[in-house]
Amino acid sequence: MPSKNTTEKIACELPSSLSAYLDFVQEVLAKLQSLGWKKEVLFGIHMALEETISNAIRHGNKEDPQKKVHLECELSLTRFWAKICDEGEGYDPDAVPDCCSPENLDQPGGRGLRLIRAYMTTVEHSDCGRCLIMEKLLDEGG
Amino acid sequence: MGNLRRIEVSDSASVSVIRFLDQKIIDPEAIQELGQELFDLVERDERKKLVLNFENVEFLSSAALGKLITFDKKAKRSEAQLILTNISPEIFQVFAITNLDKLFQIKDSEADALAIL
C-alpha cells in the first residue's frame, strides 16, 4: 500500500492525433483507481484530461503530425497533478467566449475549458497558453 | 434509413426513441458519425417527435455536446420536438456545468417524455 507521500510520475510525448491519447488517459485513470480514487472523482479527471489533451491537439497543434503534445502527471493518494503542453501558437484563455452566457448557449464550441475548471481544484496557464497545469486535491479521508 | 452504427432507433406511435450504442462518446470519428445519424433523423427522415435516451451513456466529451447542440438546433429548425431522458447524475452534472440543462428539455424517464409528446 503506498504511503500518503508516495507520488507516482508519468511523462510522455504523444503525436497530434485525436485517437492517440486514449491509452494514456486510461493508464492514468487505472493508476488512480488502484490508489483508491472514487469513481465519481475519476469521472471529473477523465473529463479534464480528455478536454485538455484534445484542445492541445485540435486547437493548439491543429492536428499537425509534426507537432507533439507533452504530458506530465503526478499521482498520489490525495493529489492528481498534470501539465499538458502543445507546440502551437498559444492563445489567451481569458479571450475565450463564455460558452454558458445566454447568447452563446446554442453555439457548439467552447465548453471544454469550462468543464476543466469545474472539475479541478486549480487550473493555470503558462507559456502564452501553450501549457495548462491542473491539480485535483482530495479532502482528507477522500 | 441506412445502417446505423452509433444509435438505435425504435418507433412507437409517432415518437422515435433513440438510444446510444456507445457507452463512452469520445472518439472523434464516432462523434462525427453520431452527429450525421442524428441529423438525418430530422433533416432526411423528417421525424417530428424525438426522445434521446442516455441510459447507456457513461461518458461524453465536449465534442459530443457540440453535436447534441447542433442536433437541437436542426430539430428546432425542422419544428421537431426533442426530449433528453435517463441521464445519469455524472452526465447531468456535465450538462449543468455547461448550462445545457437550460437549453435542452430533459425528463427523468422515457415514460415522462412520452407522456408529453
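Here the structure is shown first, and the text comes after it.
Now for a quick tour of the structure. Because the structure is a prediction, the values reported are computed rather than measured. (Residues numbered from 1 in each chain as written. Chains lettered and ligands numbered in written order. Predicted model: local features only at pLDDT ≥ 70, side-chain atom pairs only at ≥ 80, totals over all residues. Heavy atoms only, no water.)

### A look at the overall build of chain B
Applied cut-off: Helix and strand assignments come from DSSP, with helices taken as H or I runs of at least 4 residues and strands as E runs of at least 2, each series counted from the N terminus. Only C-alpha atoms enter the radius of gyration, while the globule expectation follows 2.2 Å times N to the 0.38, with N the number of residues. The criterion used for residue contact is that any of the two residues' heavy atoms lie within 4.5 Å. Note that accessible areas follow from Shrake-Rupley with a 1.4 Å probe, and for residues the cover is restricted to the protein chains shown.
Helices and strands together make up the secondary structure of chain B, namely 5 helices and 7 strands. In chain B, the succession of α and β elements from N to C terminus is β-β-β-α-β-β-α-β-α-α-β-α. What you see for chain B is a C-alpha radius of gyration of 13 Å, in line with the 13 Å of a compact globule of 117 residues. In terms of its C-alpha atoms, chain B occupies a principal-axis envelope of roughly 30 × 30 × 25 Å. Of the contacts made within chain B by residues no fewer than 6 positions apart, 70% connect residues no fewer than 24 positions apart. Accessible surface for chain B amounts to roughly 5,400 Å². Of this, 42% is attributable to carbon and sulfur atoms.

### So, the packing of aromatic side chains
Residue and element names in this part refer to chain B. The criterion, for reference: Only rings of Phe, Tyr and Trp enter the pairing, Trp through its six-membered ring, and a pair is recorded when the two centres are within 6.5 Å. The plane angle decides the type: under 30 degrees is stacked, over 60 is edge-to-face, the rest tilted. The buried label goes to any residue with under 20% of its type's maximum accessible area, the exposed label to any with over 50%, and the partly exposed label to all in between, with areas taken from a 1.4 Å probe on protein chains only. Lysine and arginine charges are scored as sitting over a ring when NZ or CZ, respectively, is within 6 Å of the ring centre and within 35 degrees of the ring normal.
Taken as a whole and judged by the stated rule, the model has 5 aromatic pairs over all chains. Geometrically, the ring pair formed by Phe95 and Phe104 is edge-to-face, given 5.8 Å between the ring centres and 75° between the ring planes. Relative accessible area serves as the criterion here: at 0%, Phe95 is assigned to the buried category. One aromatic cluster is present, built from ring pairs that chain together Phe20, Phe54, Phe95 and Phe104. Geometry around Phe39 places Lys74 over its ring, the cationic atom sitting 4.9 Å from the centre.

### A short note on the state of the cysteines
Residue and element names in this part refer to chain A. Convention followed: What counts as a disulfide here is a pair of cysteine sulfur atoms lying within 2.5 Å.
Summed over all chains, the structure comprises 1 disulfide over all chains. One disulfide bridge connects Cys85 with Cys131, the sulfur atoms lying 2.1 Å from each other. Linking Cys85 and Cys131, the disulfide has an S-S dihedral of approximately 115° and is accordingly described as right-handed. Here the residue Cys85 occupies a position in strand 3 (residues 79-85), and Cys131 occupies one in strand 5 (residues 131-137), the gap between them amounting to 46 residues. Both residues of the pair, Cys85 and Cys131, belong to the buried class. Cys73 takes part in no disulfide bond, and the closest cysteine sulfur, belonging to Cys12, lies 8.0 Å away.

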